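# Structural characterization, general
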Amino acid sequence: MSALQRRSGRVLCRAAGSVLLAILARPDACVAAPATPEVPSPATAAVAPTLPPASGSAAASAGVASADSMAGAARKAAASLKIEGIAALAGSSGRSGPVGLNEELFVRLAPAPPATSIPALHASRYALFLNGREVKGLPDPIYNPARQSLVFVLKRNDTNKDLWTSLLGSPSLGEFTRDVTVSLGERPADSKQATLASIVGVAEGVDKLELKELPPIRFVIAVALIVSVVWLVFARTARSTTLRDNLLPQIMPKLQTYSLARCQMAFWFVLILCSFVFLYVITWDFNTISQQALELMGISGATALGAVAVDRVKDSPADAVNRGLRALGLNSYDDVVRMQQERDGRAAALSAAQHELTALPASTARSSPQATERAALNQRILKLQMDIQDRETILRTCSDRTRPFLTEGWFRDITTDLNGTTIHRLQVFWWTLILGGIFLVGVYRNLAMPEFSTTLLALLGISGAGYVGFKYPEKNN
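Report on the accompanying structure. (Residues numbered from 1 in each chain as written. Predicted model: local features only at pLDDT ≥ 70, side-chain atom pairs only at ≥ 80, totals over all residues. Heavy atoms only, no water.)

## A few points about helix 9 (residues 333–359)
Between the first and last C-alpha of helix 9 there are 39 Å, a value that for 27 residues agrees with the 39 Å anticipated at 1.5 Å per step. Among the residues of helix 9, those classed as buried are Asp335, Val336, Met339, Arg343, Leu350, Ala353 and Leu357. Here the buried face of helix 9 lies against helix 10 (369–402). (Helix = DSSP H or I, 4+ residues; strand = E, 2+ residues; numbered from the N terminus. Expected span 1.5 Å × (residues − 1). Buried < 20%, exposed > 50% of the residue type's maximum accessible area, 1.4 Å probe, protein only. Contact = heavy atoms within 4.5 Å.)

Written out as structure tokens, the structure reads:
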């Protein structure tokens, strides 16, 4: 083999090595080479060994520089997205202050140094924590770039009602807000992993939120509504028969006896209505009436209806008195008032006639005008006295016959009959009072109407049925 051929072979080997290095340095570069390289001329072979290696090194250097610049940009973007913590809390007005249910909570974020601002975030990746517990079921938050804040709408639903109960339950009537701690957590890519509260306040106190318990305006409206309902049902009983038996309509309404069944029905009605108003003021939820609350109202209503039916059917001493007074023309208390007015009017006319009679001059002549007028006045006086006597007799009879049926006070009326205190009345009274107290405590502490078991409801129903059953033979005077 000649020296020229050996030299050409070495040149071809070096050229092939340079091309291979260039391809390894830049995989995206496409190098087209002939399947069988031509033998270069001696002049070309003299410069061939140096050009390809230089070109490959430049391409490799350019590729490394481009990769470094892209990685640097990515690291810079990642650093700008990093959140140091919570900088402030505010309401929808933009000022820090109490925030309540169905209101917006702005959580202003603090960027990690050296960044001074936070670009747009994937807001849905962040979860809200109150007192270290995640508030689940909230609408997806949004990011407000102008205020660098995540905006959460505080909603109460079946998913998070237990959390809101722990935060708002047992409210203090003297304070309208409660302090809670706010933090954030970034949801992991794996949905099976738990979200941790990793973003907290950057300074002491900035993550404290005044959570509204009882908004003042709504609280005042609720109190006014509750007081009006209580007054309409209970305070007016002095002038109406709302909670009274009305067995003898001739008795003044405020002197009639109280009805145990009607009082129980009014008790559950007022209790459930006031609880509904209280829960709506705090939670803004109008679906708070439970099935057991309806059953309690149904049991009390059925007891009252049964008691009225028994009073209508049985022939009691009150019925006999009522028939006797109706025979005298006293069908209601209005007739008694009319009879009193007639008596008083005739008494006034009698006094005027007697005064007129004494003013007449004495006359001995029977045919004189004075004698005739005196005789007419005497007849008028006699008739007025008889009318007054008749009405006095009727009113006295009414008073004597109705006296045993007058009220002896609320507690004695609903717990006693002619024979004294009765066990079936006490049973209804005490079970109603105890379950009502438990109902109120449950509403106040748990912000929900309690769910009584079927056993307790059956117990109250049996007590009501026993009261209605024993009412038939009992005396009502």
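## Description of the sheet that holds strand 8 (residues 208–212)
In sheet architecture, strand pairing relies on hydrogen bonds along the backbone and comes in two forms, parallel and antiparallel. Pairing in this open sheet of four strands is antiparallel, and the strands run 4-3-7-8 from one edge to the other. Of all the strands in the sheet, the pair left with one neighbour each is strand 4 (133–134) and strand 8. Direction of pairing for strand 3 (residues 126–130) relative to strand 4: antiparallel, over a ladder of two bridges. Considered in strand 4, the bridge of leucine 130 is made with arginine 133. (Pairing = 2+ DSSP bridges.)

## Here we look at the sheet that holds strand 1 (residues 83–90)
Pairing is antiparallel in the open sheet, where four strands are placed in the order 1-2-6-5. Only two strands of the sheet have a single partner each, and these edge strands are strand 1 and strand 5 (142–144). Direction aside, neighbouring strands of the sheet carry axes that sit 35 degrees apart on average. Of the pairings in the sheet, the one linking strand 5 to strand 6 (residues 149–153) comprises three bridges and is antiparallel in character. Directly across from tyrosine 143, in strand 6, lies its bridge partner leucine 150. (Axes fitted to C-alpha atoms, helices over the stretch in contact; angles between N-to-C directions.)

## A short note on the packing of aromatic side chains
Applying the stated criterion across every chain, the model contains eight aromatic pairs. Taking 6.1 Å as the distance between ring centres and 80 degrees as the angle between the ring planes, the aromatic pair formed by tryptophan 268 and phenylalanine 439 counts as edge-to-face. Of the two residues, tryptophan 268 sits in helix 6 (residues 260–283) while phenylalanine 439 sits in helix 12 (residues 423–446), which places them 171 residues apart along the sequence. With relative accessibility at 0%, the residue phenylalanine 439 sits in the buried group. Judged by centre distance (5.5 Å) and plane angle (80 degrees), the rings of phenylalanine 411 and phenylalanine 429 are edge-to-face. A residue pair is termed long-range when its members are at least 10 positions apart, and phenylalanine 411 in helix 11 (residues 410–415) and phenylalanine 429 in helix 12 qualify at 18 residues. (Phe/Tyr/Trp six-rings, centres within 6.5 Å; stacked < 30°, edge-to-face > 60°.)

## So, the nonpolar core
In this structure, Val107, Leu109, Leu128, Trp164, Leu184 and Phe439 are the most contacted members of the largest nonpolar core, which totals 48 residues. Here this core gets six residues from one element, more than from any other, and that element is helix 6. Aside from chain neighbours lying at most four places away, what touches tryptophan 164 is Leu101, Leu130, Val135, Leu154, Lys155, Arg156, Gly169, Leu211 and Leu447. (Core = buried A, V, L, I, M, F, W, Y, C linked by side-chain atoms within 4.5 Å.)

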